[in-house]
Amino acid sequence: MIMEKGISSVEVLPSKSSQVTAVKVVVKEPETKQTQRGKRVGFVLVHAGAGYHSESKAKEYKHVCKRACQKAIEKLQAGALATDAVTAALIELEDSPFTNAGMGSNLNLLGEIECDASIMDGKSLNFGAVGALSGFSLAAFKRNKRKLELAEKVETDLIQLKKRRQSNEKENDSGTLDTVGAVVVDQEGNVAAAVSSGGLALKHPGRVGQAALYGCGCWAENTGARTPYSTAVSTSGCGEHLVRTILARECSCALQTEDAHQALLETMQNKFIGSPFLANEDGVLGGVIVLRSCRCSAEPELSQEKPTLLVEFLWSHTTESMCVGYMSAQDGKAKTHISRLPPGAVAGQSVAIEGGVCRLESPES
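On a predicted model such as this, the values are computed, not experimentally measured, just so you know.

S.K.: Account for the packing of helix H6 (residues 247–254) against helix H7 (residues 260–273), naming residues and giving values.
M.R.: One way to put it is that H6 packs onto H7 with a least axis distance of 9 Å and a crossing angle of 140 degrees. In terms of orientation, H6 and H7 fall into the oblique class. Note that H6 runs across H7; the crossing there is right-handed. Taking contact as the criterion, the partners of Leu-247, Glu-250, Cys-251 and Ala-254 in H6 are, on H7, Ala-263, Leu-264, Thr-267, Met-268, Lys-271 and Phe-272. Of the residues contributing to the contact of H6 with H7, the split by class is seven nonpolar, one polar and two charged.

S.K.: Would you mind going over the environment of Cys-294 in detail, with residue names and values included?
M.R.: Note on placement: Cys-294 falls in strand S11 (residues 286–297). Using a relative accessible area of 18% as the deciding quantity, one classes Cys-294 as buried. A sequence separation of 15 residues divides Cys-294 from Leu-309, and the C-alpha atoms of the two residues are 5.8 Å apart. Discounting chain neighbours no more than four positions away, the residues touching Cys-294 are Pro-228, Tyr-229, Thr-308, Leu-309 and Leu-310.

S.K.: Can you break down the environment of Val-46 residue by residue, with the values?
M.R.: Following the sequence through the fold, Val-46 ends up in strand S4 (residues 43–51). Here the alpha-carbon distance between Val-46 and Val-290, two residues 244 residues apart in the chain, equals 9.5 Å. Apart from residues lying up to four places away in sequence, Val-46 is in contact with Cys-65, Ala-68, Cys-69, Ala-89, Leu-93, Gly-181, Ala-182, Ile-289, Cys-323, Val-324 and Gly-325.

S.K.: Break down the pairing of strand S5 (residues 113–121) for me, citing the residues and quoting the values.
M.R.: Burial runs high along S5: seven of the nine residues are buried. Judged from the six bridges that link them, S5 and strand S8 (residues 191–197) form a sheet pairing that is antiparallel. Within S8, the position partnered with Ser-118 by the bridge is Val-195.

S.K.: Let's hear about the pairing of strand S14 (residues 335–340): which residues, and what values?
M.R.: One ladder, built from six bridges, connects strand S13 (residues 321–328) with S14; its direction is antiparallel. Counterpart to Gly-325 in the pairing with S14 is Thr-336. What sits between the antiparallel neighbours S13 and S14 is a turn of six residues.

S.K.: Please set out the packing of aromatic side chains residue by residue, giving values where relevant.
M.R.: A full pass over the atoms with the stated rule returns six aromatic pairs. Here the aromatic rings of Trp-315 and Tyr-326 are separated by 5.8 Å at their centres, their planes lie at 25 degrees, and the arrangement is stacked. Pair noted here: Trp-315 is in strand S12 (residues 307–317) and Tyr-326 is in strand S13, with a separation of 11 residues, a long-range link. Since its relative accessible area comes to 7%, Tyr-326 is described here as buried. Following the ring pairs from residue to residue traces out a cluster consisting of Phe-43, Phe-313, Trp-315 and Tyr-326. Over the ring of Tyr-229 we find Arg-292; its NZ or CZ atom is 3.7 Å from the centre of that ring.

S.K.: Residue-level account of the nonpolar core, with values.
M.R.: If you look at the biggest cluster of nonpolar residues, it comprises 45 residues, and the most contacted ones within it are Phe-43, Leu-45, Leu-264, Phe-272, Val-290, Leu-291 and Val-311. Sorting elements by how many residues they give to this core places H7 first, with six residues.

S.K.: Describe the side chain of Asp-186, naming the residues involved and giving the relevant values.
M.R.: On the secondary structure map, Asp-186 appears in the loop between strand S7 (180–185) and S8. Despite being buried, Asp-186 has no salt bridge partner; Arg-295 is the closest side chain of opposite charge, sitting 6.4 Å away. A polar side-chain atom of Asp-186 sits 3.1 Å from the main-chain amide nitrogen of Ala-82. Only 2.9 Å separates the side chain of Asp-186 from the backbone nitrogen of Asn-190, close enough to count as a polar contact.

S.K.: Tell me what's going on with helix H2 (residues 82–94), and back it up with residues and numbers.
M.R.: Counted at 1.5 Å a residue, the expected span for H2 with its 13 residues is 18 Å, and the 18 Å between its end C-alpha atoms agrees. Burial runs high along H2: 10 of the 13 residues are buried. Within H2 the residues assigned to the buried category are Ala-82, Thr-83, Ala-85, Val-86, Ala-88, Ala-89, Leu-90, Glu-92, Leu-93 and Glu-94. On its buried face, H2 is in contact with S4, helix H1 (58–77), S5, S7 and S8.

S.K.: Would you mind going over the pattern of salt bridges in detail, with residue names and values included?
M.R.: Inspection of the entire model under this criterion finds seven salt bridges. Among the salt bridges present, the one from Arg-340 reaches Glu-55, with a minimum N-O distance of 3.4 Å. In this pair, Arg-340 sits in strand S14 while Glu-55 sits in the loop between S4 and H1, placing the two residues 285 residues apart along the sequence. For Arg-340, a relative accessible area of 28% translates into the label partly exposed. Under the relative-accessibility criterion, Glu-55 is labelled exposed at 60%.

The rules we used
Residues numbered from 1 in each chain as written. Predicted model: local features only at pLDDT ≥ 70, side-chain atom pairs only at ≥ 80, totals over all residues. Heavy atoms only, no water. Axes fitted to C-alpha atoms, helices over the stretch in contact; angles between N-to-C directions. Helix = DSSP H or I, 4+ residues; strand = E, 2+ residues; numbered from the N terminus. Parallel < 35°, antiparallel > 145°, perpendicular 65-115°, else oblique. Left-handed = near helix turned anticlockwise from the far one by under 90°. Contact = heavy atoms within 4.5 Å. Nonpolar A, V, L, I, M, F, W, Y, C, P; charged D, E, K, R; others polar. Buried < 20%, exposed > 50% of the residue type's maximum accessible area, 1.4 Å probe, protein only. Pairing = 2+ DSSP bridges. Phe/Tyr/Trp six-rings, centres within 6.5 Å; stacked < 30°, edge-to-face > 60°. Lys NZ or Arg CZ within 6 Å of the ring centre and 35° of its normal. Core = buried A, V, L, I, M, F, W, Y, C linked by side-chain atoms within 4.5 Å. Lys, Arg positive; Asp, Glu negative; His and termini not counted. Salt bridge = Lys/Arg side-chain N within 4 Å of Asp/Glu carboxyl O. Polar contact = N/O pair within 3.5 Å; in protein donor to acceptor, adjacent residues only side chain to side chain. Expected span 1.5 Å × (residues − 1).

Here it is in C-alpha cells:
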C-alpha cells in the first residue's frame, strides 16, 4: 500500500464571488510499506458533522471517528461488502452522545427525536432512506434539556426563540453540529455511502432534511460506461441548503473530471455558495466528504504489474469546522483531523478543502 496524505500548505485562491474565500490545501506525504501478503484492501472516510467543534471536546469527536473507521475496516477485512462496512461505521457514529445522530440526536419542539438517514450502493445503485423516524434517547434529552426549557419560555415569540437558541448552542458547544456520514470502497472496488442526522435543534415536528432525500444526503456510483471513476459522497450542514442544491449528486458528477480537488472546489463555490437557489441566503452552511477510486497500474509499461486501487479522498466545508477520520484495511489505526476555516474566513462565505491519496495494491496470493 502506498499512502500520500497530510496537510503541507495553505493558499488563498481568488473566486468568482467577492464573498467567497477558497482555501486550497496541498496534500503530500512520503510513501509507506507495501500491502501485506493475504491482506484484503479497502478504505473508509467518515465525518462527525460539519458545524462548530470546540477544542474542549476535540478528543471526543476524534475518538468517535476513529471507532467508526475501525468498525468499517473490521467488516472489510472479514470480506464484507462496502454497504455492510458503511453501515457499521454509521452505527458507531449514531451511538455516540457527541454527534447529532441516533443517540445524540437533537430534539424537536415537542421534545421528541425524529431522525433522517439514507444509504446508497454504488454497484446496484439501490437507495434506501427513512425520514422523521421517531424514537427516544435519554442522552439526547439531557443534551437538549436547556434548549427545551428556553423553547417553552419563548415559544410564542419566534424572534426571541431564535436569538436564545443560537446563544445556548454556543454556550454548550453541542448545538451547531449536524449530520454524520461515511463513504467506503471495498476489495472489489465497489463504493457505498451513508448519512444520518437528528436534524435541526428545536425543529418543527415532521421536518425532513437532506439525510433522507435522494441525491442530497449521500450518493454512490460505481465506474461505468459514462463514469470513469467510482464515487461516493456524504453531506452535512443545513438541510435546506443541501436539498435545494442537491449537493451529493452534484459533487459526484463533478468528480468525473480529471482533477478531483479542483472539481470539488468549483462545485462548492459555484453550485453551493454561489447557487442561484440560495441567492437570498446570508450564509450557506454545509460540508461534504468524497471518495473517488479507479483501477490502475502503478507502472503501466509493465504488462504483468497487478492493477492497484487508486483512492482519492477529500473533505470540504463552509462551516467553521468539520471532523473527519479515515483508514485503509492495511492501516494499524485510523487517522483523525478537525478541519477549520483559517483566521479571518467567514463561515457560510468561505470554503475549506483538504484530503489525500491512497494506493491500495492487490494482496499477493
